[in-house]
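A look at the structure
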Amino acid sequence: MKILFAGDASNMHHCLAQQLRQMGHYAVVASGGSGWMNTGRDIDLRRYPGRIGAVRYVATLLANLHKMRGFDVVQLCGPIFFELKPWRLKHVLNFLKNHNGKIVLSALGTDYVYYNACHDGHTYRYSDYMVGNQPSPYVGSPEYFAQQQDNWKAPFMKDYSDFVLSTIDGAVACLWEYYAAYAPILGPKVIHAGIPIDVDALQPHFIDEEPEKVRFFIGIQRKRTVIKGTDRLMAALERVHAEMPDRCEIERVENLPYDEYVRRMNSSHVLLDQLYSYTPATNALLAMAQGMVAVSGAEPEYYDLIGETTNHPIINVSPTPEGHIEQQLRWLIENKAMLPTLSHNSRTFVETHNAANKVAKRYLDFWETL
């Protein structure tokens, strides 16, 4: 099978492409390298800032379109799969539809469908945008306006989303959250496949004995601290550290390239990831595959979806009630004798549910049904 991955996010499509090649398929990734992460790609569509950068980006895309023909499947990295305005992306999507086989959407980030599910009052108990019936701290923050989040409410976004939904043959969700948003719309034409992790390339550094101090690791994305809740996680961690300075320590990094980031996390025991998530995402899964313990989202809805009833190694944190994050961090410190067990269980969890070969097989099986 010949597969084109149009766009990428957090190395997901690149990881899938590598795995599919090992399985005997032909796979090409056309992307900008997930921004500052600089992840692998075959067709380099990195966009540089400014007007000159925009012109150069369009020229590069047009010069490479001929390489994006003749594929059995085109897997889009969300509706905004390339860095163009929706009305320009329509032309690109029409080209891909006319010159390839199936068009499948990767539901993997904020888009019109997910945004509306966050605000419908019943899909989620909390989300990036709402906590209960109140706006989250992200709404109204400088991040929110800098990222032009109000655009999701605009009629042109609905128009473009409707166009995409009418064009695609199906969708694959990488997290429970996106599956929950798309299932009412697409029914059997959407599946949950999970995020692929190349477990064979990640040497585990298991916690084999109770540490004297618990070493916490937190990675900051400067422009996404509020939406991910990293600001609240960091503040809670600092409060707990102030209470127990002799029992824990903190390593904090910011905006590192993907490969360096993975190397840096190895020396810690516990990774703090996201607050407003029901599901462990790439960051948490990478850490778990290396034998770290993840503090992230792991709600019952997620475990039910993947059918996991016994191995629950993720330390779930929720935005409410107040003090829940500190409570979970204190529990880890006070029960650090459990870290070796949680460490091994974390690796097993990723091998079971997110190993790249298993996730790729779910994609292949789904593509065959379309």
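Preceding block: the structure.
Now for a quick tour of the structure.

Some points on the side chain of Gln-274
The residue Gln-274 is located in the loop between strand 12 (270-272) and helix 10 (282-289) in this model. Setting aside anything within four residues of it in sequence, one finds Gln-274 in contact with Lys-228, Leu-233, Ala-281, Val-295, Ser-296, Gly-297 and Val-317.

Let's talk about the nonpolar core
Met-68, Leu-76, Phe-81, Phe-82, Phe-216 and Trp-367 are the most contacted members of the largest nonpolar core, which totals 132 residues. Setting aside anything within four residues of it in sequence, one finds Trp-367 in contact with Met-1, Ile-3, Phe-5, Leu-20, Val-73, Gln-75 and Val-104.

What to know about helix 2 (residues 50-64)
Working note: α-helix, 3.6 residues per turn, so residues spaced by three or four point in the same direction. Look at helix 2: 21 Å from first C-alpha to last across 15 residues, which is about the 21 Å you get at 1.5 Å a residue. For helix 2, the secondary structure elements touched by its buried residues are strand 3 (43-44) and helix 3 (86-99).

Here we look at the sheet that holds strand 10 (residues 214-220)
Spatially, five strands are ordered 11-10-12-13-14 in an open sheet, and the strand pairing comes out parallel. Across the chains shown, the open sheet's two edge strands, defined by having one partner strand only, are strand 11 (248-254) and strand 14 (315-316). Pairing between strand 12 and strand 13 (residues 293-296): three bridges, direction parallel. Considered in strand 13, the bridge of Leu-272 is made with Val-295. Across the face of the sheet, helix 13 (residues 339-353) comes into contact with strand 10, strand 12, strand 13 and strand 14 while running at roughly 80 degrees to strand 13.

Overview of the pairing of strand 4 (residues 73-77)
The two faces of the sheet receive side chains in turn, since in a regular strand these alternate between them. In terms of burial, strand 4 is a largely internal element, five of the five residues being buried. Of the two faces of strand 4, both are covered, the one formed by Val-73, Gln-75 and Cys-77 as well as the one formed by Val-74 and Leu-76. Note that strand 1 (residues 2-6) and strand 4 share four bridges and pair parallel. Directly across from Phe-5, in strand 4, lies its bridge partner Gln-75. In the sheet, strand 4 pairs with strand 5 (residues 102-107) via five bridges, with the strands oriented parallel.

Thoughts on the packing of aromatic side chains
Tallied over the entire structure, the rule returns 19 aromatic pairs. Between Tyr-124 and Tyr-278, the aromatic rings sit 6.2 Å apart at their centres with planes inclined by 55 degrees, giving tilted as the arrangement. Residue Tyr-124 is found in the loop between helix 4 (112-119) and strand 6 (130-131), and its partner Tyr-278 is found in the loop between strand 12 and helix 10; the two are separated by 154 residues along the sequence. Here Tyr-124 and Tyr-278 have matching classes, each one buried.

Here we look at the sheet that holds strand 2 (residues 26-31)
Read across the open sheet, the seven strands follow the order 3-2-1-4-5-8-9; overall the sheet is parallel. Unpaired on one side and paired on the other, strand 3 and strand 9 (190-192) mark the two borders of the sheet. Across the sheet, helix 14 (residues 356-369) touches strand 1, strand 4, strand 5, strand 8 (170-173) and strand 9, and the angle it forms with strand 8 is around 165 degrees.

Some words on the environment of Ala-30
With respect to the helices and strands, the residue Ala-30 is situated in strand 2. Residue classification places Ala-30 among the buried positions, given a relative accessible area of 0%. Sequence separation between Ala-30 and Asp-44 is 14 residues; the distance between their C-alpha atoms is 6.2 Å. Among residues more than four places away in sequence, those in contact with Ala-30 are Leu-4, Phe-5, Ala-6, Gly-7, Ile-43, Leu-45, Met-68 and Phe-82.

The rules behind the values
Residues numbered from 1 in each chain as written. Predicted model: local features only at pLDDT ≥ 70, side-chain atom pairs only at ≥ 80, totals over all residues. Heavy atoms only, no water. Helix = DSSP H or I, 4+ residues; strand = E, 2+ residues; numbered from the N terminus. Contact = heavy atoms within 4.5 Å. Core = buried A, V, L, I, M, F, W, Y, C linked by side-chain atoms within 4.5 Å. Buried < 20%, exposed > 50% of the residue type's maximum accessible area, 1.4 Å probe, protein only. Expected span 1.5 Å × (residues − 1). Pairing = 2+ DSSP bridges. Axes fitted to C-alpha atoms, helices over the stretch in contact; angles between N-to-C directions. Phe/Tyr/Trp six-rings, centres within 6.5 Å; stacked < 30°, edge-to-face > 60°.

As far as function goes, none of this settles anything; it's purely spatial.
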